[in-house]
Amino acid sequence: MTSIRHFLIIIILSVVCLGNFIAALQGYRDSLASIDRIEEQQLEEKAHTLFTLVSHQTNIPSHVFGDDTLFQVWQQAVLLAKSQNAPEASFYSQDPGFHLRSYDGSQWLLFRLERRFEGQKKDVDIIVATKHRVYSSLTEDVLIRTILPIIWVLPIIGLLVWGIVHIGLKPLRSLAAKLGSRGANDFSVLKKGRYTRELLPIISALNGLFGRLGDAFEREKRFSADAAHELRTPLSALKINLHNLSMEQKDNQTLQSLKRTADRMEHSIEQLLALHEVSIDIDGCVGKINLREAAQDVIVEVYDQLTLKSQTIELMGTDCFIHGPLPSIAILLRNLIDNASKYTPEKGVIRVTVGSRADQATLLIEDSGPGVPEEEYERVLDRFYRIGGDQNKSNVRGSGLGLSIVSDIVRVHNANIVISRSLELGG
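The present account deals with the structure reproduced in this document. (Residues numbered from 1 in each chain as written. Predicted model: local features only at pLDDT ≥ 70, side-chain atom pairs only at ≥ 80, totals over all residues. Heavy atoms only, no water.)

1. Concerning the environment of proline 61
Consideration 1: Residue position: proline 61 is located in the loop between α1 (4-55) and β1 (69-75).
Consideration 2: The class of proline 61 is partly exposed, set by a relative accessible area of 38%.
Consideration 3: Through-space distance from the C-alpha of proline 61 to that of alanine 81 is 8.5 Å; in sequence the pair is 20 residues apart. (Helix = DSSP H or I, 4+ residues; strand = E, 2+ residues; numbered from the N terminus. Buried < 20%, exposed > 50% of the residue type's maximum accessible area, 1.4 Å probe, protein only.)

Shown next, in the form of structure tokens:
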């Protein structure tokens, strides 16, 4: 069953058609039974009329009942009277009562009355017969005229049923719309009073699911806060101690290596926490964002890092507005600019262009670095993947999470990410 609406419409129309057919069939059978009773009653009355006429020794005309009825009056083997359409021979061979007999190519209903005159010892047999169900064709015509309008009106019935089913499924569509409009972090329970009794089991199950998801989400948020505290605090203390030791022993290569390792650990921890924050806070602080102003704020934050390598950064384009959580957009911009800075040589150029194309916001990040081989375009978006392994030819350390986080943010915003070589800057 692929559609509840189609199932209900088909079932209801089938039941209506079947009900009409059964009603018509039962009506036809009842009509035939009524016709039979009327024919039997008429035959019996005609037989008693003939007996009265015979008992009064009245001359019985041969056409007394019309052409659709034949009769015979017998006393022992003597034919006292008959109709013009009756045979000369005896028309009966059964016991008194009603019988069916074929004659002259038709089916006849026959009634035999056996009576005796007062003061006589001989019985009189009166046979009256009429063509069986002479009104059946009329009955069939009436039934056909009754059924045909029902068949013609079936399309209208179908439209009415469709409308009724459509209205009946409105609470289900309302529930689907309400669930579809919910944010990823909205785990509030649904109010049962707003829905029909049939939906209450679904509402109860959804509320139970929302409760479990809400608890899991809260645990994830606590984990993020606890991890930030438990990882950053000892690492900060370690970096301070390493800095103090390196100031005392400036030529100690081991301390310099430990310091670079601590910096890498700090960067990896920040990226992991950022990845976790993006995955659990999809709808956080959703609002209207000026993409150009957001890029400008991020450039201000990372400007000191760029000056260490004497790099030039350009911001081009016009104001462009999107809807989304500002923290996620800031992480996206920071990772893209940071990634461009790391792989662009000293005195290189980084260009950020914001604009719109076909009513869609566009963000273009270009640099004058060596770029990425075309065969690596897809893989650089994978988590923990770095070209050339843990430390590539540029001797730039990283965690391989920056572009993966960017890809996740792009995905939850229903956007697209394209990697290609810059025609002007070459990176």
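2. Let's talk about the packing of helix α8 (residues 326-342) against helix α9 (residues 402-412)
Consideration 1: At a minimum axis separation of 9 Å, α8 and α9 run at an interaxial angle of 145°. As α8 packs across α9, the resulting crossing turns out to be left-handed. Where α8 abuts α9, its residues Ser328, Ile331, Leu332, Asn335, Leu336 and Asn339 lie against Gly402, Leu403, Ile405, Val406, Ile409 and Val410.
Consideration 2: Across the contact of α8 with α9, the residue classes break down as 8 nonpolar, 4 polar and no charged. (Axes fitted to C-alpha atoms, helices over the stretch in contact; angles between N-to-C directions. Left-handed = near helix turned anticlockwise from the far one by under 90°. Contact = heavy atoms within 4.5 Å. Nonpolar A, V, L, I, M, F, W, Y, C, P; charged D, E, K, R; others polar.)

3. Remarks on a nonpolar patch on the surface
Consideration 1: A surface patch of nonpolar side chains, about 630 Å² in accessible area, is lined by Ile4, Phe7, Leu8, Ile11, Ile12, Val15, Leu172 and Ile202.
Consideration 2: Here the nonpolar patch takes 6 residues from α1, the largest share from any one element.
Consideration 3: Tracing the backbone through its elements, the reader meets isoleucine 202 in helix α5 (residues 200-248).
Consideration 4: Note on isoleucine 202: relative accessible area 39%, which makes it partly exposed. (Patch = residues over 30% accessible without salt bridge, like charges linked within 9 Å, V, L, I, M, F, W, Y side chains within 5 Å. Areas by Shrake-Rupley, 256 points an atom, 1.4 Å probe, with all protein chains shown as cover. Salt bridge = Lys/Arg side-chain N within 4 Å of Asp/Glu carboxyl O.)

4. Points about α8
It helps to recall that an α-helix has 3.6 residues per turn; residues three or four apart then point in one direction.
Consideration 1: Relative to the 24 Å expected for 17 residues at 1.5 Å per residue, α8 spans 24 Å between its end C-alpha atoms, a close match to the ideal helical length.
Consideration 2: Across the 17 residues that make up α8, a large majority, 13, are buried. (Expected span 1.5 Å × (residues − 1).)

5. Points about the sheet that holds strand β9 (residues 349-357)
Consideration 1: Strand order in the open sheet formed by 3 strands is β7-β9-β10, and the pairing between neighbours is mixed. Either end of the sheet is taken by a strand with one partner, and the two such strands are β7 (312-317) and β10 (360-367). Sheet twist, expressed as the mean angle between neighbouring strand axes with direction ignored, is 15°.
Consideration 2: In this sheet, β9 lies alongside β7 in parallel orientation, the contact comprising 6 bridges. Following the sheet pairing, isoleucine 313 is matched in β9 by isoleucine 350.
Consideration 3: Running over the sheet, helix α7 (residues 291-307) touches β7, β9 and β10 and is turned about 175° from β7.
Consideration 4: In the packing of α8 onto the sheet, contacts are made with β7, β9 and β10, and the angle to β10 comes to roughly 25°. (Pairing = 2+ DSSP bridges.)

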